[in-house]
Amino acid sequence: MPEYYTPALAYIAAALLVPFVPKGFLRGLYLLLVPVAGVLIFWGLTPGTYNAFNLMGMQIGLMRVDALSQIFGLAFSLAAMLAALYAWHLRDTVQQVATLLYAGSAIGAVFAADLITLFVFWEGTAIASVFLIWARRTEGSFAAGMRYLVIQIGSGVILIAGIVLYYREMGTISFTAMELGSPATWTILAAIGIKCAFPFLHNWMHDAYPSATVTGTVILSIFTTKLAVYALLRGFPGTELLIYIGVAMALFPIAFALLENDLRRVLTYSLNSQLGFMVVGAGIGTPLAINGAAAHAVASIFYQGLLFMAVGAILFRTGTARATALGGLYRTMPLTMIFCLVGAASISALPFTSGFVSKSLILSAAGYDKMFYVWLALLAASTGAILHTGLRLPYLAFFGSDGSLRPKEAPGGMLLAMALTAALCILIGVFPGALYALLPNDVKYEPYTFSHTIVQLQLVAFVALAFAWAVGRGLLPKAERSTILDFDWTYRRLLPSIIRGLRRLAGAVWDRASRNINSRLDNLVAAVFQLHGPQGPIARTWPTGAMVMMVALLLGMTLVLTYL
Amino acid sequence: MMALIEPHLPALQVVIPLVAAPFCMMLGRGGLAWIFASVVSLATFVISIALFAQTYDGTIISYHMGGWAPPIGIEYRVDILNAFVLLIVSGSAALVLPYARSSVAAEIPAERQALFYTAFLLCVAGLLGVTITGDAFNVFVFLEISSLATYALVASGAWANKRALTAAYNYLIMGTIGATFFVIGIGMLYSVTGTLNMADLAVRIADHGDSSTLRMGFVLILLGIGLKLAMFPLHLWLPNAYAYAPSAVTAFLAATATKVAVYVMLRFMFTVLGFDYEFQADTLRMVVLPLAIIAMFAASLVAIFQDDLKRMLAYSSVAQIGYILLGLSLLNETGITASIVHLFNHAVTKAALFMVAGCFIFSAGTSSISKLAGVGRDMPWTTAAFVAGGLSLIGLPLTVGFISKWYLVLATLELGWWPVALMIMASSLLAIIYVWRVVEVAYLQPAPAGVTRKEAPLSMLIPTWIFVGLSVWFGVNAMLTATAAGRAASALIGSSHILWKD
């Protein structure tokens, strides 16, 4: 049945077979090959919608191939492969199956040509990914996973509500650019916003990602949010509101990232900030900006993944990712340190790294459109990124105060995965042409102009200087074992207390009402039972005479009909 | 060889089990009789498949018994509709018999087993005969053969529980009344037309037009068959008969006996009797339809409160027959398709569920739901089969139950009767409750201390799971069953002398 073909199918089929592949080398190889199979399905196809069919009057398209879906599909596949390599040491079937289903759903969603398919895979990513959090098998991770699941499923439910409204309004379910302005499109944007971690909708990310397993966090950081970025690029390009949301998103996690102690949480804040850049790109919506957002999404998948991998390796070897417990790890984990620095350089957008070539696109797009303040804000956010992730994170983990931990170097699979990812970051930076050729819009762009390079180098140099100065004077905010109050305080503390009050009030009302309703229901059930229960007239074993009586009665009634 | 046999397949379909039955009796104790019966039922199944394949494209096979041409001679007439029913009957027999070996050995003394299998073969022969024949009086004869065999089969549950005797006695009385009504009805048709061949009857009745004798005959046949197919409130014989019969018999009867009666109902209501559309349609809509809807609810509610698993399933059967009758009394093509496809779908589902009940009786020694606490851990495969069959009973997508309900709801919506559609869904909710009760007890309650229950033997599990597999397979890919049912429905309409002419 070729019309059901989608790259997701390769992953789902492979996931079903995972338990039958012997653990160890064979299974590792098997997991590496699945993304290759996925890519083979869509690679080289001429743009167009494949595998379309009609389902109860709706046009379903499982595979839309164009530049935008291809570049995301390719990046996702590559990242899935690197993540599989990173998880080579893993012997946990649950995580392996969940990873395949998660990656498959994300890729399936990217190729969805209609909103229903998008919804199915949208929920697929939510359900599959939660197992990566639960797989840590602690009570905390179970609760975090539960919260994550509620929010992610909630996003899907909002999405399907939006889709229903959209279908009523437009009479189509095809997934194309939408005009923000009706309840339908607002609802859909809200659903995407949750997955994209818009400000005030972002807490699930900082709650769930640091609670996942070592490899789980790496995998989580790849798909969900980038899928949301893809949905924005596809559904809402050029929506002005997104620029402001994006700017706020890029700026506002900086402070949290600077104060946070848990390095995985630092990375989720910086990931959130980087997503802001992409949202701005989607909001500007010019061909250059769309290119920039797509490129930045791809670049960020790899450098952010690399950073998560490095921190994951530390966590794997030391059992902690808290800055207060770490420090001085460069002695025993030199390779991990080098790869981490490549990731840090990339997120700092140092020339000849992937961050530089992708971020420049968005900054230029803001600059060309004379959005000076946007450009300035993004520059400020870049400074923040250099500070909290480019410098502070490697400093706290590998240098800084010596934590007297002497762990072994990361395992081979992790090192290889990090090496390949780091190489990818640098290759994209040195040869940006290859990435640009894949971008959705045909725009000529040269990142290595004199002014770009100088601006970025100055930025990095001055921030580094300030950082060194601050470290020297002891002005760097101390990493402390503390909980930072984020927006989630409102819904974890404030809202519950309001709700508690309301509940007490509602409780009293409810009690009275439910007692009333309950007694009525009880009466109803009792009546039904009296009639249908084992001793009731309908269920009783009747004497033969009574049965025959019934027959006679029915015969009489029917015969009366005859003479009417 | 094949060329020699092939033209006689319709006759062989009935003759083989009928002639085999007395031989079966002579085969002494248990084992040999069982093997013989199994081989015979397998042969009839193969013949049914061949007949189904021949008629699938709409061909009608007319076979003249002994070379006597109808309307004087007896005609066997196979079209897609009765080939479909033949397939259900012989397929159920072929699958129930392997299952019966262990189950019967546990419930019936060895020296009586040969007699049991003899009665079983007679019952199969009777049911196949009712389905295949094109002669109205022949229907009555075969109906009696199958019914008498069934009474004996139900009564053979007496070694496990003496109440089987009263159940069989009640069934005998009611069944006989039904058969009497039926034969009186046929007598009235004969008095008007002077023929017993169904095709011939149809033409002559249509020519004759309305008369009070025909109306009388119509009502008697409707109620006579209504008794046989357990139309609410004429179902009173069914729960006890199903509950106390040996497990294998219950599984077979639930899958076939009522289905064959429904087939006779379809044949007489739509093909044979065509004298006055208004009257016939009114009777179906004003008598059968309300009773069908009441059955859907009342019987399901009773099922909710039952403690005995087999009784619960029996009441659920009464409710499911309600769906079938609802479909045919809607009097449109989709409704009749729903009824026909549900014949198969319900047969598969109920056979699986009654087989599960039989497995419980075999291994746990009880079919009382409250005594099955924690059985999910001791008998995982059996319990899982119950869950799968239960889902189909509820009508969840990807099971056959869904296909039937889908067509049924479509049929009501075509008429614009959305309250009826809502009632179909509401009654499905009741099915969730009675299925869930069992699931809850089996999985969520701890097993009582000191009770050991082994998983049922493979000879019982495999046939059970084949039925479960069928209920999923034809739920996912309903092409074959839905096409056959659709063609059968349009064939019925095509041969009808009254319907869809207004």
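Residues numbered from 1 in each chain as written. Chains lettered and ligands numbered in written order. Predicted model: local features only at pLDDT ≥ 70, side-chain atom pairs only at ≥ 80, totals over all residues.

J.: Just give me the short version of the overall build of chain B, but keep the residues and values in it.
T.: Within chain B, the regular secondary structure consists of 20 helices and two strands. Taking all 502 residues of chain B together, 62% fall into the buried category. Within chain B, counting contacts between residues at least 6 apart in sequence, those at least 24 apart form 80% of the total. (Helix = DSSP H or I, 4+ residues; strand = E, 2+ residues; numbered from the N terminus. Buried ≥ 20, exposed ≤ 12 C-beta atoms within 10 Å, placed from the backbone. Contact = placed C-beta atoms within 7 Å.)

J.: How would you sum up the interface of chain A and chain B? Please name residues and give values.
T.: On the chain B side, the residues contacting the 20 residues of chain A number 24 residues. When residues of the side of chain A that touches chain B are traced back to their parent elements, those giving at least two are helix 20 (488-532) and helix 21 (544-562) of chain A. The element contributing the most residues to the side of chain A that touches chain B is helix 21 of chain A, with eleven residues. Each residue belonging to the side of chain A that touches chain B can be placed in one class, and the counts come to 14 nonpolar, six polar and no charged. (Nonpolar A, V, L, I, M, F, W, Y, C, P; charged D, E, K, R; others polar.)

J.: Which residues make up unusual backbone geometry, and what values do they have?
T.: Phi is mostly negative for residues that are not glycine, and the peptide bonds are mostly trans. Look at the link from Phe232 of chain B to Pro233 of chain B: it is a cis peptide, with omega at 0 degrees. Within the secondary structure, Pro233 of chain B is located in the loop between helix 9 (212-228) and helix 10 (238-244). For Phe200 of chain A, which is not glycine, the phi torsion reads 75 degrees and is therefore positive. Relative to the assigned elements, Phe200 of chain A resides in the loop between helix 7 (183-196) and helix 8 (203-208). The class for Phe200 of chain A is partly exposed, based on 14 C-beta atoms found within 10 Å. For Ala349 of chain A, which is not glycine, the phi torsion reads 60 degrees and is therefore positive. As for its position among the elements, Ala349 of chain A is in the loop between helix 14 (334-347) and helix 15 (354-368). On the neighbour-count criterion, Ala349 of chain A (28 C-beta atoms within 10 Å) is buried.

J.: Provide a residue-level description of the packing of helix 12 (residues 263-284) of chain A against helix 15 of chain A, including the pertinent values.
T.: Residue and element names in this part refer to chain A. Between helix 12 and helix 15, whose axes approach to 10 Å, the crossing angle comes to 45 degrees. By the angle between their directions, the pair helix 12 and helix 15 is classed as oblique. For the pair helix 12 and helix 15, the crossing hand works out as left-handed. Residue-level inspection shows Phe277, Val280, Gly281 and Ile284 of helix 12 in contact with helix 15, the latter providing Lys359, Ile362, Ala365 and Ala366. Residues of the contact of helix 12 with helix 15, tallied by class, amount to six nonpolar, one polar and one charged. (Axes fitted to C-alpha atoms, helices over the stretch in contact; angles between N-to-C directions. Parallel < 35°, antiparallel > 145°, perpendicular 65-115°, else oblique. Left-handed = near helix turned anticlockwise from the far one by under 90°.)

J.: With reference to specific residues and values, describe helix 13 (residues 287-318) of chain A.
T.: Residue and element names in this part refer to chain A. Taking 1.5 Å per residue as the helical rise, helix 13 with its 32 residues ought to reach 46 Å, and the 46 Å between its terminal C-alpha atoms agrees with that figure. Helix geometry: helix 13 is bent most strongly at Ser300, by close to 25 degrees. Within helix 13, 31 of the 32 residues are buried, leaving the element largely enclosed by the surrounding structure. Downstream of helix 13 by a residue or two, Gly319 has a phi angle that is positive, lying close to 85 degrees. (Expected span 1.5 Å × (residues − 1). Bend = angle between axes of the 7 residues up to and from the residue.)

J.: I'd love a proper account of the nonpolar core, names of residues and values included.
T.: A general feature of soluble globular proteins is that nonpolar side chains tend to end up buried together. By size, the foremost hydrophobic cluster in this structure holds 211 residues, and its most contacted members are Phe84, Leu121 and Val154 of chain B. Counting residues per element, this core draws most heavily on helix 14 (residues 333-364) of chain B, which supplies 20 residues. Look past the residues within four positions of Phe84 of chain B in its chain and what remains in contact with it is Phe52, Ile340, Phe344, Ala484 and Ala488 of chain B. If you look at the next biggest cluster of nonpolar residues, it comprises 181 residues, including Trp122, Leu306, Ala349 and Val460 of chain A. (Core = buried A, V, L, I, M, F, W, Y, C linked by C-beta atoms within 7 Å.)

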